[in-house]
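# Structural features, examined
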Amino acid sequence: MSSSNNDSPPVSRIGDADNRPVEVILASWVDRFLAWLIDFIIVSIALGILFVLLSFPFWFPDFSNGMAVLHRNFGSLHYLVTSSAFFAYWTYFEHTSGKSIGKRLLKIKSTDLSGKDIDIKNAALESFGKSFLLPIDVILGWLFTNNKRQRIFNKISNTIVIKLKPEDKLAENIRYRKD
């Protein structure tokens, strides 16, 4: 009985069956940025539609002057709502599958340091830096980077972003066994 698991990290194994070092392929900064950009565009479009729908009553002529004042007063609130939506989006996807929509398209995944799925606490920690403090998180991560390509909040949450192995060809991985 054999199964194909495309969510597991690509590995090369060396040594005996009990004590095998495992090699995990880290995702490049470019792939990570492109995945973030795809997610940013998707969530921004969804939030834009939501904000338009919520502000629709203010479009009528009676509210035209008040809308400009109202819009200026929501600067900080807009940032907080938007960042919170990104935080919820990334926390959900990082915890449930390790892959946001952008990561799925680029075939990368967030895992713990051993390549296993991350729990909700670490998903939230990792997502916090991406949602609220991304420039600081990335710049400090690059300055104090290690061999694991971690942002600061990746280090805090003990997470990494890995490249997924290519899909296995069905014909080569089928094994039949009789009872």
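Thresholds, definitions, all that
Positions within a chain are numbered from 1, following the residues in the order the chain's sequence is written. Restriction of local features to residues with pLDDT of at least 70 applies here, the model being predicted, together with a cutoff of 80 or more for giving and counting side-chain atom pairs; totals for whole chains, interfaces and linings are based on all residues. Water and hydrogen atoms were dropped before computing side-chain values, which therefore reflect all heavy atoms in the structure. We count a salt bridge whenever a side-chain nitrogen from Lys or Arg sits within 4 Å of a carboxyl oxygen from Asp or Glu. Relative accessibility thresholds used throughout: buried, under 20% of the residue-type maximum; exposed, over 50%; partly exposed, between the two (1.4 Å probe, protein chains only). Only runs of H or I of at least four residues qualify as helices and only runs of E of at least two qualify as strands under DSSP, and these elements are numbered from the N terminus. Here, any two strands with at least 2 DSSP bridges between them count as paired.

Charged atoms that come close allow side chains of opposite charge to pair. Counting across every chain of the model gives seven salt bridges. Between Lys103 and Glu94 there is a salt bridge, with the nearest N and O atoms lying 3.0 Å from each other. Relative accessible area serves as the criterion here: at 6%, Lys103 is assigned to the buried category. For Glu94, a relative accessible area of 1% puts it in the buried group. Of the charged contacts, one joins Arg151 and Asp137 as a salt bridge, the two residues approaching to 2.1 Å between their closest N and O atoms.

Here we take up the pairing of strand β1 (residues 108-112). Counting buried positions along β1 gives four out of five residues, so the element sits mostly inside the fold. Pairing of β1 with strand β2 (residues 159-163), which is carried by five bridges, proceeds in the antiparallel orientation. From the neighbouring strand, Ser110 faces β2, where its bridge partner is Val161.

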